[in-house]
Amino acid sequence: AGVMLAGWLCGKITGQNPGIMLDMASCAIPVFMALERVGEDCIEEFNYSRALESGFLNGTWLTFSDEYGANYLATNRLATIVMLLLFVLLMIDMIRNKRDGDTCLMFLMVFGACTVILESLRYDRFLSITFVGLEQVLAAVMLLAGVSVTAGRYGKNHRGLAIAAVVSVVLAAGIGIGLEFALDRTSINRILIYAVFIVVIFTPVALGMKLRDWKEK
């Protein structure tokens, strides 16, 4: 939020287009986040997942073991990869896109959805509210903001799609809370839960991107 506000204020103060400043800031944030996640390797008992039920990632850079032989996903390392991929995606979008500010909207939606999933994988209880993480709540707000602004920007001639996109964020939040409860309190297969979680949380992103790219003629 601070970086977004700074980009907008810099644009206003210097007389540059705030949309361009926000687009460039959006591309820079994932790079910072990737470096920050790498630095989190220095913090003990931080960024670990629930004990892995499957061993297909064992021995890779993405996992580590404790003294009892249990294996865990290093969620910060996974986040590093996701942030670098997001940087590439945003750079391509900014180069190809014609309307200032659209890359920022894409950042809000994709970063928000990715963070909801990445923070769900963590089990260190850092900044958690019962079984829901504070960063998940903030990421959901980012997703809602991105979809809502996109709907306001492009929803005039596609009202049905705009309404569906905004409503889908609310539904995704409700379903997401239920899935977090299932992860924390049930024995349902976690891979199945996360498969559903990813589909649910990225549905608003898909609708928002469709609306954003379905530009008014």
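The following refers to the structure shown.

1. Structural notes on the overall build of the protein
A count of helices and strands for the protein gives seven helices and five strands. Counting from the amino terminus, the protein carries its helices and strands in the arrangement α-α-β-β-β-α-α-β-β-α-α-α. By the compact-globule yardstick of 17 Å for 217 residues, the protein fits well, its C-alpha radius of gyration being 18 Å. For the C-alpha atoms alone, the extent of the protein along its principal axes is close to 60 × 35 × 30 Å. Counting every position in the protein, which comprises 217 residues, the buried fraction comes to 44%. Partitioning the contacts of the protein with sequence separation of at least 6, the portion at a separation of at least 24 is 68%. As displayed, the protein offers around 11700 Å² of accessible surface, 69% of which is attributable to carbon and sulfur atoms. Distance between charge centres in the protein, computed from 18 positive and 19 negative side chains, equals 14 Å.

2. Section: a nonpolar patch on the surface
Taken together, the side chains of Leu 5, Trp 8, Leu 9 and Ile 13 define a hydrophobic patch exposed on the protein surface, amounting to about 420 Å² of accessible area. In this fold, Leu 9 is placed in helix 1 (residues 2–14). Judged by relative accessible area, Leu 9 falls into the partly exposed class, the value being 37%.

3. Observations regarding the nonpolar core
Phe 107 and Ile 201 are the most contacted members of the largest nonpolar core, which has 42 residues in total. Sorting the residues of this core by element identifies helix 2 (18–39), helix 3 (75–96), helix 4 (102–121), helix 5 (134–154), helix 6 (159–185) and helix 7 (190–213) as the ones contributing at least two each. The leading source of residues in this core is helix 4, at 13 residues. If we skip the residues at most four places from it in the chain, Ile 201 touches Ala 113, Val 116, Ile 117, Leu 143 and Ala 172. The next biggest cluster of nonpolar side chains, apart from the first, holds five residues, and it includes Ala 151, Tyr 154, Leu 161 and Leu 211.

4. Points about the side chain of Thr 150
Here Thr 150 shows up in helix 5. Judged by its relative accessible area of 0%, Thr 150 is buried. Here Thr 150 is in contact with Leu 105, Met 109, Gly 155, Gly 208, Leu 211 and Arg 212, once residues within four sequence places are set aside.

5. What about the packing of helix 2 against helix 3?
For any two helices packed against each other, the geometry comes down to the angle between their axes and how far apart the axes lie. Orientation of helix 2 relative to helix 3, taken along the N-to-C sense of each, is 160°, at an axis distance of 8 Å. As the angle between them shows, helix 2 and helix 3 are arranged roughly antiparallel. Handedness of the helix 2/helix 3 crossing: left-handed. Contacts between helix 2 and helix 3 involve Asp 23, Met 24, Ser 26, Cys 27, Pro 30, Val 31, Met 33, Ala 34, Arg 37 and Val 38 on the former and, on the latter, Asn 76, Ala 79, Thr 80, Met 83, Leu 84, Leu 86, Phe 87, Leu 90, Met 91 and Met 94. Classifying every residue of the contact of helix 2 with helix 3 by side-chain character gives 15 nonpolar, three polar and two charged.

Cut-offs used in this document
- Residues numbered from 1 in each chain as written.
- Predicted model: local features only at pLDDT ≥ 70, side-chain atom pairs only at ≥ 80, totals over all residues.
- Heavy atoms only, no water.
- Helix = DSSP H or I, 4+ residues; strand = E, 2+ residues; numbered from the N terminus.
- Rg over C-alpha atoms; globule rule 2.2 N^0.38 Å.
- Buried < 20%, exposed > 50% of the residue type's maximum accessible area, 1.4 Å probe, protein only.
- Contact = heavy atoms within 4.5 Å.
- Areas by Shrake-Rupley, 256 points an atom, 1.4 Å probe, with all protein chains shown as cover.
- Lys, Arg positive; Asp, Glu negative; His and termini not counted.
- Charge placed at Lys NZ, Arg CZ, Asp CG, Glu CD.
- Patch = residues over 30% accessible without salt bridge, like charges linked within 9 Å, V, L, I, M, F, W, Y side chains within 5 Å.
- Salt bridge = Lys/Arg side-chain N within 4 Å of Asp/Glu carboxyl O.
- Core = buried A, V, L, I, M, F, W, Y, C linked by side-chain atoms within 4.5 Å.
- Axes fitted to C-alpha atoms, helices over the stretch in contact; angles between N-to-C directions.
- Parallel < 35°, antiparallel > 145°, perpendicular 65-115°, else oblique.
- Left-handed = near helix turned anticlockwise from the far one by under 90°.
- Nonpolar A, V, L, I, M, F, W, Y, C, P; charged D, E, K, R; others polar.

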